[in-house]
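For reference, the chains in residue letters:
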Amino acid sequence: MKKPVRSLLLYAALVVLYLLHNDLWLWNDARLFFGLPAGLAYHVGFCIATFVVLTLLVVHAWPDHLDRENP
Amino acid sequence: MTLTIIVVYLAIVLVIGLFSHRFFRGTSEDFFVAARTLGPFILLVSLFGANMTAFAVLGSAGESYMEGIGVFALMASSSGLVIPVVFYFIGTRVWALGKRRGYLTPVQYFRERWDSNGLGLLLFIVQVGLLIPYLLIGVMGGGSTLTQVTDGQVPDWVGGLVICAVVLAYVTYGGMRGTIWVNVFQTMVLLALGFITFWVIIDKLGGLTNAMSLLAEKNPDMLVRGEHVKPLKLLTYTCIPLSVGMFPHMFIHWLTAKSASSFKPTIAFYPVCIAIVWVPSVLLGVLAHLDFDGLSAGAANSVLVKMIDLHAPGVLAGLLAAGVFAAIMNSFDSQVHSVGTMFTQDIVRHYGFHDRMSESQQILVGRLFMVAILVATYLLSRVTDRSIFKLGVWCFTGFAALFPVVVAAVFWKRSTKWGAFASTISVVVLWIYFITLGWKSADYTIADSGVMPVAVILIVSTLAMIVGSLLTQPPKAETLEKFFP
């Protein structure tokens, strides 16, 4: 897959993350997962998912030209 | 014991800050942006530390006590997504421009980008004006924390004075390098102490699952967002972290990177760091209902201190106080340094010396301004009403609403100085309008709908930038050539 396509896919993943941040479906869910309330456990998972997408972003869609042009 | 630990901690901070001076190269670039030499790890820790205020430690626990676990989604996980994305798209580009053109402040960049002294001056006034309440909050927060953890043994004015004195020593002597060395140490302290505090208290409560089950029986509404947070507030609160794009101290921190690649770990690990600091604070805030029910909003701000006093007094209380000081000084020193840098570069050097100042003159003036800012902040903190704490979220609102200015500067060739003027003035006018409507309430939303004022101001400032630019003459070709070669 070419870099511009990879970049676009990862930018799209960021938009999806932004939408997923609004977890209306867990608004009144008081169940506990691993000791954490559902609404909090979801957002801890959200942080981990964000870490994964951002890692892919810096590995596969990094603006290399910035370092090349400014050694 | 508590006081001894705090004194030892502050002495360590001072030694680290002063020791950093051994590596000082004697240039203004070194004093103001650490000679643009920061590698990946140091950049991650110092940027994260500079953006963590005392609010992340004390305020988040108090807010969670009042509003429940929804505070994490509202203020933490949204920042974990938005802030690194701003670093990726804006921070790296600003670093490249700063390195290529030798910038030391945001105003230098905006002034040249749109070829306008007037715009530079307006942005200087707005950025410094919005930062002043933050400086005051840092000093006043330090004073009240020291009073609380020492059970009133140390008066309020001493804590603020101690913070100012320690920061003055290492910021003026060590410059940006001293600030960064101390930031790295303090951020590590903050992360470690947060974890230890959480571990000890949860253990005393019989483990996380047990404590949460008890809370589910006693205060089930703390485990859900329910009526505490409106869905529109969750959506529009995501605009607030955009403020990092226009915070002068974050902007200047970006310029300290050795290369664009140095940003990679910062961008990837930022959400993990956010979770490490915020999850314990939010959990301890809601679990405090097991021991202290019915606290007022004011008393809730010190709920973490109350939990420690109850479950782990003595050494841990001292360590927690050190952690709070770490959080306060981490952002406070960067802010003092950035305001001193801006006064030196954007006012004295630009207007007084027409950009002709020797290296040593710049460093001397920078130091004098940093001393003056600290003295003025301390004196102001003694006469300012404590209601200034309510200004915190409004400062974020102002900086976030200015975000279209930096986006247009970096990405939009057709943007003009008149667009930037229109955008900035629209922010000032609407900020004043909304603050007069709702400044007495930190929870103010438009017509109580959940919509944060920042969302409306951001839309208007974006439109003002677009319309103002399209209705005026395009920028000169030679100006564009400098920024879009």
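Treat the numbers as computed from the prediction; the structure is a model and nothing was measured.

J.: Help me understand the confidence of the model for chain A, please; the structure alone is not making it clear to me.
T.: Low-confidence regions, as indicated by low pLDDT, have predicted coordinates that should not be scrutinised in detail. The share of residues in chain A with pLDDT of 70 or more is 100%, and the mean pLDDT across the chain is 91. No element of chain A has a lower mean pLDDT than helix α3 (residues 65–69) of chain A, which averages 80, and none a higher one than helix α2 (residues 38–60) of chain A, which averages 96.

J.: Honestly, the pattern of salt bridges in this entry has me stumped. Any pointers?
T.: Side chains bearing opposite charge may pair, as long as their charged atoms lie close to each other. Residues and elements named next belong to chain B. Here the structure, examined in full by the defined rule, presents eight salt bridges over all chains. A salt bridge links R382 to D156; the shortest N-O distance between them is 3.6 Å. With R382 in helix α16 (residues 359–383) and D156 in helix α8 (residues 156–204), the pair connects residues that are 226 residues apart, well separated along the chain. K230 serves as the salt-bridge partner of D448, at 3.8 Å between the closest nitrogen and oxygen. Of this pair, D448 sits in the loop between α19 (417–438) and α20 (453–470) while K230 sits in the loop between α9 (208–218) and α10 (231–237), and the two are 218 residues apart along the sequence.

J.: Explanation requested: the packing of helix α7 (residues 117–149) of chain B against α19(B) in the structure shown.
T.: Between two packed helices, what matters for the description is the angle formed by their axes and the separation of those axes. Residue and element names in this part refer to chain B. Where α7 contacts α19, the axes come no closer than 10 Å and their chain directions differ by 30 degrees. It follows that α7 is roughly parallel to α19 by the angle criterion. Relative to α19, the crossing made by α7 is left-handed. Each of G118, L119, L122, L123, V126 and L130 in α7 lies in contact with α19, whose residues at this interface are K417, A420, F421, T424, I425, V428 and W431.

J.: Is there a simple way to think about α19(B) in this case?
T.: Note on helix geometry: an α-helix contains 3.6 residues per turn, so any two residues three or four positions apart are oriented the same way. All names here are of chain B. The end-to-end C-alpha separation of α19 is 31 Å, in line with the 32 Å expected for 22 residues at 1.5 Å each. All of the buried residues in α19 are G419, A420, F421, S423, T424, S426, V427, L430, W431, F434, I435 and G438. Buried residues belonging to α19 abut α7, α17 (392–401), α18 (403–411) and α20.

The rules behind the values
- Residues numbered from 1 in each chain as written.
- Chains lettered and ligands numbered in written order.
- Predicted model: local features only at pLDDT ≥ 70, side-chain atom pairs only at ≥ 80, totals over all residues.
- Heavy atoms only, no water.
- pLDDT = per-residue confidence, 0-100.
- Helix = DSSP H or I, 4+ residues; strand = E, 2+ residues; numbered from the N terminus.
- Salt bridge = Lys/Arg side-chain N within 4 Å of Asp/Glu carboxyl O.
- Axes fitted to C-alpha atoms, helices over the stretch in contact; angles between N-to-C directions.
- Parallel < 35°, antiparallel > 145°, perpendicular 65-115°, else oblique.
- Left-handed = near helix turned anticlockwise from the far one by under 90°.
- Contact = heavy atoms within 4.5 Å.
- Expected span 1.5 Å × (residues − 1).
- Buried < 20%, exposed > 50% of the residue type's maximum accessible area, 1.4 Å probe, protein only.

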